[in-house]
Each structure stands twice: as C-alpha cells, then as structure tokens.
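# Fold and contact review
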Amino acid sequence: MGGNRIEFFYDLSSPWTYIAFHNLAGVMERTGASVRLRPILVGGVFNSVNPSVYAAREAADNPKFKHSWRVMKDWAALAGIEINFPSAFHPAKSINAMRMACTLQGDQQALTKFTRAAFESYFDAQENLDDADVLVAVANSVGLDGEAMRAESQTDAVKTRLRANTDEVIARGGYGSPTIFVDTTKMYFGNDQLPLVEFALNRSPT
C-alpha cells in the first residue's frame, strides 16, 4: 500500500494544519503510505473561494469560532504538541515562510524537517513566521542552508511554484489548509478528517 498516495497542501500559519501535520505521521506509519507536501498560500485560497473566513475572524463573539479555539487546544493536547496560540504575530503573514518551503519541494525529506521546525517556531516558541531572519535560523537548526533558501525564495521560479500550488488546490476544490488528497481524487480537509484519510488509504486504490 506504499507510494505517494497522499498530497498535503498546507500553509504554515494554520494551527489546525500543525496538528494535522503531526498526526499524519501516525497515519503514514499505520498504512505504509507516504506523503507529498505541497506548500500553498492560504490567503490566496481564502481570497478566491472562501472569503467568509475573514468575517468569522473579525467577529470576536462568534460562538462557533470561540468553541473551535478551545477544541483546538484539546486536539493539541491529545496529539502531545505545544500550541501557545495566539501570539503577538497572529494573524501571521506567511508568504516568506511558504516561499522558503517551496525551495525544498523537490526534497521532501528536507521539506518535512523545515516544516516541522517552522511549526514549532511559530506555535510553540511564538516567533515571527514572517521574519526572514527567524526562518533562516529555523532552517539552520535542522541542518539546512537557511541563507541559500532565503536567496532562492526570492527567485521568480519559486514565486511561480507557490502560485501554481495555490492555483492547483483551488482548481481541485480545496478551500483552506490543510487540504489532503488520497489517490489524487479523494479530497479531505483538516485534522478531524484524518480518520477518513486513513480509511481511504486502507481501501484498494482506484
């Protein structure tokens, strides 16, 4: 059942994506499937197909939104990860982080290391996700060349790659982060749908 049967379209600014990224490792271990990480700019997705997210954020007394934040803390505790959220940098701009992530898309092992460290930097250490110096330090901390990543992240090729990933997830029906595909066509959204991802992986590919 191995192979890159999972595509994980994601933005580092999303706490739910951090939880899903962490929990996806267990799904992969249990099913033998592997994942292809696809960095996107979730703001571009919201602007295109899900602008109601912004109104929900502005309504501080929205009971559904308030409840989701409490449940998010429960999910983090269940996963065994630290989420000190929101921080002074919330809501975070993520364009620098996602461009740097895109420099590693061809090296999924390196991208996984950077993604994990960047999540921990923002959601645990409460560092600024949009600060290029912070991102360089994050990359260096896991044995990558942060300065080289920063330089490459400003190239037209990387900027185009990030736009292409974002446009692709929109075209395939995605509306936020994380958007997860199993066997190309089966789309799932968010941490709470990971049991469905695992269920799909345990069925024969179609």
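Let me sum up the structure you'll find in this document. (Residues numbered from 1 in each chain as written. Predicted model: local features only at pLDDT ≥ 70, side-chain atom pairs only at ≥ 80, totals over all residues. Heavy atoms only, no water.)

### Regarding the nonpolar core
Most often, soluble globular proteins keep nonpolar side chains buried together rather than apart. Counting residues in hydrophobic clusters, the biggest one holds 51 residues, and the most contacted among them are F8, Y10, L12, I83, F114 and V197. A per-element tally of this core places helix α6 (residues 108–123) first, with eight residues. Setting aside residues up to four positions removed in sequence, V197 forms contacts with V27, I180, V182 and Y188. (Core = buried A, V, L, I, M, F, W, Y, C linked by side-chain atoms within 4.5 Å. Buried < 20%, exposed > 50% of the residue type's maximum accessible area, 1.4 Å probe, protein only. Helix = DSSP H or I, 4+ residues; strand = E, 2+ residues; numbered from the N terminus. Contact = heavy atoms within 4.5 Å.)

### Digging into the environment of I95
Tracing the backbone shows I95 in helix α5 (residues 95–102). The spatial distance from the C-alpha of I95 to the C-alpha of K66 is 26 Å, given a sequence separation of 29 residues. Not counting residues within four places of it along the chain, the set of residues in contact with I95 comprises L41, D130 and L162.

### Some thoughts on the sheet that holds strand β1 (residues 6–10)
One open sheet holds the four strands; their spatial order is β2-β1-β3-β4, and the pairing between them is mixed. Edge strands, defined here as strands with exactly one partner in the open sheet, are β2 (35–39) and β4 (186–189). Sheet twist, expressed as the mean angle between neighbouring strand axes with direction ignored, is 20°. Taken together, the four bridges between strand β3 (residues 179–182) and β4 define a ladder with antiparallel strand orientation. When the bridges of β4 are listed, I180 appears paired with Y188. Helix α1 (residues 15–31) contacts β1 and β2 of the sheet and is inclined by roughly 165° relative to β1. (Pairing = 2+ DSSP bridges. Axes fitted to C-alpha atoms, helices over the stretch in contact; angles between N-to-C directions.)

Fair warning: the whole summary comes from geometry, so function is off the table for now.
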